[in-house]
Amino acid sequence: MTLVDLALSLRHALNRLSSGEDSAIGFTENDEVIRLRREGDLVAITSSNHEWRVSVDREELVGAFIEFLREAHSRLTGSIPGLVDNPVIQGFSPE
């Protein structure tokens, strides 16, 4: 379930960024790693497979991760109601 894998990676990255740490997002379907490095109020984003680098506002990125996790939780539990009690799926909710 690719959505679950991505949501778990984003939840982990969100936890680390929120505590002031750097993070990374890996993918089960390929070897690319997206690195997230704190730089003051910004987060520098780089790829292990590409020559690009972008910076975004940390709060904006955290907000986007939270919104994605809420939507993933909503869609998963809406499609499969039994998942509402699953502790892994419950962990997607940032509250």
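Here, every reference points to the structure presented above.
Residues numbered from 1 in each chain as written. Predicted model: local features only at pLDDT ≥ 70, side-chain atom pairs only at ≥ 80, totals over all residues. Heavy atoms only, no water.

Caption draft 1: Fine view of the sheet that holds strand S4 (residues 53-57). The sheet built from four strands is open, its strands ordered S1-S2-S3-S4 with antiparallel pairing. Of all the strands in the sheet, just strand S1 (23-26) and S4 have a single pairing partner and so form its edges. Taken over all neighbouring pairs, the strand axes of this sheet differ in orientation by 25° on average, direction set aside. Inspection of the sheet shows strand S3 (residues 42-47) paired to S4 by five bridges, in the antiparallel sense. (Pairing = 2+ DSSP bridges. Helix = DSSP H or I, 4+ residues; strand = E, 2+ residues; numbered from the N terminus. Axes fitted to C-alpha atoms, helices over the stretch in contact; angles between N-to-C directions.)

Caption draft 2: Up close: the environment of asparagine 86. Take asparagine 86: it is sitting in the loop between helix H2 (58-79) and helix H3 (87-90). Of the polar contacts made by the side chain of asparagine 86, one reaches the backbone nitrogen of isoleucine 89; its length is 3.2 Å. (Polar contact = N/O pair within 3.5 Å; in protein donor to acceptor, adjacent residues only side chain to side chain.)

Caption draft 3: How the structure looks around the nonpolar core. If you look at the biggest cluster of nonpolar residues, it comprises 21 residues, and the most contacted ones within it are Ile25, Leu36, Leu61, Phe65 and Phe92. Elements that contribute at least two residues to this core include exactly helix H1 (2-18), strand S2 (33-39), S3 and H2. The dominant element in this core, judged by the number of residues it contributes, is H2, at seven residues. (Core = buried A, V, L, I, M, F, W, Y, C linked by side-chain atoms within 4.5 Å. Buried < 20%, exposed > 50% of the residue type's maximum accessible area, 1.4 Å probe, protein only.)

Caption draft 4: Here's a closer look at the pattern of salt bridges. Enumeration over the complete set of coordinates arrives at five salt bridges. The partner of arginine 53 in a salt bridge is glutamate 39, with the nearest N and O atoms 2.7 Å apart. Of this pair, arginine 53 sits in strand S4 while glutamate 39 sits in strand S2, placing them 14 residues apart in sequence. Look at arginine 53 and you get partly exposed, because its relative accessible area is 46%. A relative accessible area of 28% places glutamate 39 in the partly exposed class. Two residues, arginine 75 and glutamate 71, come together in a salt bridge whose shortest N-O distance is 2.7 Å. Placement of the pair is arginine 75 and glutamate 71 together in helix H2, with a separation of four residues, close to one helical turn. The class of arginine 75 is exposed, set by a relative accessible area of 55%. Among the ionic contacts, a cluster of salt bridges with common partners joins Arg37, Glu39 and Arg53. (Salt bridge = Lys/Arg side-chain N within 4 Å of Asp/Glu carboxyl O.)

Caption draft 5: Spotlight on the pairing of S3. Here S2 pairs with S3 via six bridges, running antiparallel. Across the sheet, the residue bridging to isoleucine 34 is serine 47, located in S3. As consecutive antiparallel partners, S2 and S3 are separated by two residues, and within that stretch glycine 40 has a phi angle of approximately 70°, a positive value. In textbook terms, the turn of a hairpin is the stretch between consecutive antiparallel strands, and for S3 and S4 this stretch comprises five residues.

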